[in-house]
Amino acid sequence: MLKLIADLHTHTLASGHAYGTIRENAQAAAEQGLRILGVSEHAPGIPGTCDPLYFINLRCVPNELYGVKILRGSEINVLEGGKLSLSDHIIDYLDYAIAGIHPHCYTILDAVSNTKNVIGCMEAHRKVRFISHPDDDRTPVDYELLCKGARDNGVALEVNNSSVKPPVFRLNSRENYHIMLEKCEKYRVPVIVNTDAHDPSAVGRFDHALEVILETGFDQSLILNTDEKKLMDFLMR
Ligand SMILES: [Zn+2]
Ligand SMILES: [Zn+2]
């Protein structure tokens, strides 16, 4: 079975609609045998999430909890015009940034225009390392264009466990991952598998995403979070 060592997409109470603390998530990560936990609260734009000051002050959190390395990230909204919903000088404080479309704060366009906005966000800040849940036909993307943009910008694409875990709330995610993963192989775009946990009970549990990876026969050498050095080299370049 494919073993993953990091979960870089997790939320805590600070995101406003998640239910654990950083320590509870870290403890869960340790119990699941992870080496690395990324804390990635929602950036402004999602109702009830934290203030930008939260991200600046994350340096107060120890670099290691329960034997798990802690990385400081944020899941930042893709906005119209390919802009990110967190200022550059705040992103500078983070170890990595995630960009993703959330219908709460995005006017949905056609697939090509949505993809251009996502690619704009890849180019907007050098710390954008991957795109969250590019799998939802409620906010469709063009996978050919997306994968070429990811390749050109050295950005990875996520396979999100929450998108394919019942009850499914995103649209056609499984089918879209089949298309996306085929194009990731074609263009040699790296992939990262994350849980998008909103509760400690979900941290480090990738079963549904791994099922999709296995059923597609995807080239596992393109998965970043199978190896600590491979992942850290990608994140900290
Ligand atoms: Zn998200
Ligand atoms: Zn999320």
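Residues numbered from 1 in each chain as written. Chains lettered and ligands numbered in written order. Predicted model: local features only at pLDDT ≥ 70, side-chain atom pairs only at ≥ 80, totals over all residues.

A. Structural detail: the overall build of the protein. Across its full length, the protein carries nine helices and nine strands. The C-alpha radius of gyration of the protein comes to 16 Å, within 12% of the 18 Å expected for a compact globule of 237 residues. Dimensions of the protein, computed from C-alpha atoms along their principal axes, come out at roughly 40 × 40 × 35 Å. A burial count over the protein gives 48% of its 237 residues as buried. At a minimum sequence separation of 6, the contacts of the protein that also span at least 24 residues come to 79%. (Helix = DSSP H or I, 4+ residues; strand = E, 2+ residues; numbered from the N terminus. Rg over C-alpha atoms; globule rule 2.2 N^0.38 Å. Buried ≥ 20, exposed ≤ 12 C-beta atoms within 10 Å, placed from the backbone. Contact = placed C-beta atoms within 7 Å.)

B. How the structure looks around the environment of Asn-160. One can find Asn-160 in strand E8 (residues 156-160). For Asn-160, a count of 27 C-beta atoms within 10 Å puts it in the buried group. Residues Asn-160 and Leu-53 lie 107 residues apart in sequence; the distance between their C-alpha atoms is 27 Å.

C. Spatial organisation of the nonpolar core. Membership of the largest hydrophobic core comes to 65 residues, with the highest contact counts inside it found for Ala-99, Val-118, Ala-156, Leu-157 and Val-191. Looking at this core, the element that brings in the most residues is strand E4 (residues 68-79), giving six residues. When near neighbours in sequence (up to four residues on either side) are disregarded, Ala-99 contacts Ile-76, Val-78, Leu-84, Val-118, Cys-121, Met-122, Val-128 and Ile-131. (Core = buried A, V, L, I, M, F, W, Y, C linked by C-beta atoms within 7 Å.)

D. Main features of helix H4 (residues 111-124). Here H4 spans 20 Å end to end across 14 residues, near enough to the 20 Å set by a 1.5 Å rise per residue. Within the span of H4, buried status applies to Asn-114, Thr-115, Asn-117, Val-118, Ile-119, Cys-121, Met-122 and Ala-124. Packed against the buried residues of H4 are E4, strand E5 (83-84), strand E6 (96-100), strand E7 (128-131) and helix H5 (143-153). (Expected span 1.5 Å × (residues − 1).)

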